[in-house]
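# Overview (structure and organization)
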Amino acid sequence: MGQVMSDYISEAENALLHTYNRYQIVLDRGEGVYLYDLEGKKYLDFVAGIAVFALGYSNEEYKTAVKEQVDKLMHTSNYYYNVPAIEAAKRIKKMSGMDRVFFTNSGAEAIEGAIKTARKYAFLKDGRTDHEIIAMNHSFHGRTMGALSVTGNPHYRDAFEPGIGNIRFADYNDFESVERCVNEKTCAILMETVQGEGGLTPANEDFLRKVRALCDEKDILLILDEIQCGMGRTGYDFAWQKYGVKPDVMTSAKALGCGVPVGAFMMTEKVGSHSLVAGDHGTTYGGNPLACTAVNKVLEIFEREDISGHVREVAPYLWEKLDELMKKHPAIKEHRGAGLMQGLVFDTPVAPVINKALDKGLILINAGANILRFVPPLVIGKEHIDEMVSILDGCIEDV
Ligand SMILES: *Cc1c(COP(=O)(O)O)cnc(C)c1O
């Protein structure tokens, strides 16, 4: 045995910037829906690297594709074409019904691109340089300055003001509050189709339809952030497909690369042909052959194995089991979410439950202090849900 976990943890605390309160384990490898720490302890994973590892860990087909691309060519820059990016863009177009794709390195970077797209679209119409974006309270869109500026959580924003400016916040699922924010400067309305970080709240269908109609009426762009709720998470390739409300611009990341850092923003032809042009936007790494090989393979597996269909099959079972748990434990006040993106709202902070679960070999995460979030790999089976619920039941009992 080399160093033990506690040595690594103290080294980490000496070397890494203290921007996370990390759980006291060092993860080493993964297999299916299980993770192993450095000391060989096995954990059932209901976090999936925060809704990233949709296909579970160590998928042979995915690993082989990525390894072969490492041997071939990892990077080209965007001044040249590469086949994996072309193939991945074609697949994204087919899956999303969007017409134009821009690859990024992260979710936040996809949001930045979506914001620039909206501003440029509006600028080309009226030449103004004071356009406004309406975002939602309790939203989360990332940590870079633009993405932070549209994140509806003052706790994340306050110390970093001023943000990019000209942002108005409306209440999610409250159409009148959105209407009140609209004026002649509004260029976009941005929201998650299902709020993740902010508490696992799905958009109401009526709300989303009314926002879509308002955007159509005033030629405002509807931007849907599908970074967490997209890619099969809710049982649809993208969550908006359930509502039949198509955005003008959308963002993806997290499960898009299943572990390789990659994101994308996509748009309809109407927006694509009246917004960003050569010289307006770029990225060195974005869309490189390595990342796009991962995307291409993920999308191929999604389609062939109907991952979204599998989610529609197992998610109701998770719903039923979490409902039972809520009935049993009075500390649980509410159960919400969509597909394999569910949350249990407790009347106290959930950190002790998460720590207890970790002791017992179950990885869970919160969304805000009081909400336990369930975003497992999409390939989980009912047996894994049973295993999770039985461990969690005991943890709630103990705490
Ligand atoms: C995680 C997340 C982001 C930010 O993505 P990063 O890759 O962490 O930059 C943006 N929007 C939503 C909805 C997210 O869940």
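Residues numbered from 1 in each chain as written. Predicted model: local features only at pLDDT ≥ 70, side-chain atom pairs only at ≥ 80, totals over all residues. Heavy atoms only, no water.

## Notes on the packing of helix H13 (residues 307-328) against helix H15 (residues 382-398)
Two elements in contact, H13 and H15, have axes whose closest approach is 10 Å; the angle formed by their N-to-C orientations is 20 degrees. Regarding the angle of H13 to H15, the classification is roughly parallel. The chirality of how H13 crosses H15 is right-handed. Contact residues: H13 offers Glu313, Val314, Tyr317, Leu318, Lys321, Leu322, Leu325 and Lys328, while H15 offers Lys382, Ile385, Asp386, Met388, Val389, Leu392, Asp393, Ile396 and Glu397. When the residues that make up the contact of H13 with H15 are grouped by side-chain class, the tally is 10 nonpolar, no polar and 7 charged. (Axes fitted to C-alpha atoms, helices over the stretch in contact; angles between N-to-C directions. Helix = DSSP H or I, 4+ residues; strand = E, 2+ residues; numbered from the N terminus. Parallel < 35°, antiparallel > 145°, perpendicular 65-115°, else oblique. Left-handed = near helix turned anticlockwise from the far one by under 90°. Contact = heavy atoms within 4.5 Å. Nonpolar A, V, L, I, M, F, W, Y, C, P; charged D, E, K, R; others polar.)

## Remarks on the pattern of salt bridges
Counted under the stated rule, the structure contains 29 salt bridges. Taking the shortest distance from any N to any O, the salt bridge between Lys210 and Asp206 comes out at 3.2 Å. Placement of the pair is Lys210 and Asp206 together in helix H9 (residues 205-218), with a separation of 4 residues, close to one helical turn. The partly exposed category is assigned to Lys210, whose relative accessible area is 38%. A salt bridge links Arg212 to Asp248; the nearest nitrogen and oxygen atoms lie 2.9 Å apart. On the criterion of sequence distance, the pair formed by Arg212 in helix H9 and Asp248 in the loop between helix H10 (240-243) and strand E11 (249-252) is long-range, its members being 36 residues apart. Comparing Arg212 with Asp248, the two get one shared label, buried. (Salt bridge = Lys/Arg side-chain N within 4 Å of Asp/Glu carboxyl O. Buried < 20%, exposed > 50% of the residue type's maximum accessible area, 1.4 Å probe, protein only.)

## A few points about the environment of Val33
With respect to the helices and strands, Val33 occurs in the loop between strand E1 (27-31) and strand E2 (34-37). Sequence-distant contacts of Val33, defined by excluding residues within four places in its chain, comprise Tyr43, Leu44, Asp45, Pro377, Val379, Ile380 and His384.

## Examining the pairing of strand E13 (residues 332-338)
Relative to strand E14 (residues 341-346), E13 is paired through 6 bridges, and the arrangement is antiparallel. Note that in E14 the partner of Glu334 across the bridge is Val345. As consecutive antiparallel partners, E13 and E14 are separated by 2 residues, and within that stretch Gly339 has a phi angle of approximately 60 degrees, a positive value. (Pairing = 2+ DSSP bridges.)

## Some details on the packing of helix H3 (residues 60-72) against helix H12 (residues 289-305)
Helix-helix packing: each pair is described by the crossing angle between the helix axes and the interaxial distance. It is at 9 Å that the axes of H3 and H12 come closest, and there the two elements cross at 155 degrees. Here H3 is positioned roughly antiparallel relative to H12, judged by the angle of their axes. The interaxial crossing formed by H3 with H12 has right-handed handedness. Touching Glu61, Tyr62, Ala65, Val66, Gln69 and Val70 of H3 are Pro289, Leu290, Thr293, Ala294, Lys297, Val298, Glu300, Ile301 and Arg304, all from H12.

## Quick word on the side chain of His384
Along the chain, His384 turns up in helix H15. A residue is classified by how much of its surface remains accessible, and His384, at 13% relative accessible area, is buried. In terms of polar contacts, His384 uses its side chain to reach the backbone amide nitrogen of Gly381, at 2.9 Å. For His384, the residues in contact, after removing those within four places along its chain, are Val33, Tyr34, Leu44 and Phe46. (Polar contact = N/O pair within 3.5 Å; in protein donor to acceptor, adjacent residues only side chain to side chain.)

## A few points about the nonpolar core
Membership of the largest hydrophobic core comes to 86 residues, with the highest contact counts inside it found for Phe46, Ile189, Met191, Leu372, Phe374, Met388 and Leu392. It is H12 that contributes the most residues to this core, 9 residues altogether. Setting aside residues up to four positions removed in sequence, Ile189 forms contacts with Ile134, Met136, Val178, Val211, Leu214, Cys215, Ile220, Leu221, Leu222 and Ile223. Phe102, Tyr121, Ala147 and Leu221 belong to the second largest nonpolar core, which has 25 residues in total. (Core = buried A, V, L, I, M, F, W, Y, C linked by side-chain atoms within 4.5 Å.)

## A look at the domain arrangement of the protein chain
Taken as a whole, the protein chain is organised into domain 1 (3-58 + 307-398) and domain 2 (73-305). Placing a centre on the C-alpha atoms of domain 1 and another on those of domain 2 gives a separation of 27 Å. Counting residues at the interface gives 25 residues for domain 1 and 25 residues for domain 2. In this assembly, domain 1 packs against domain 2 so that about 2100 Å² is buried in total across both faces, 64% of it on carbon and sulfur atoms. The three residues of domain 1 that bury the most area against domain 2 are Leu55, Ile307 and Met341, which together make up 29% of that side's buried surface. Put simply, domain 1 and domain 2 have 1 salt bridge between them. Counting only elements with at least two residues in the side of domain 1 that touches domain 2, the list comes to helix H2 (48-51), H13, E13, E14 and strand E17 (371-374). The element contributing the most residues to the side of domain 1 that touches domain 2 is H13, with 4 residues. Split into classes, the residues belonging to the side of domain 1 that touches domain 2 amount to 16 nonpolar, 6 polar and 3 charged. (Domains from an automatic or database assignment. Buried area = accessible area lost by both parts, 1.4 Å probe.)

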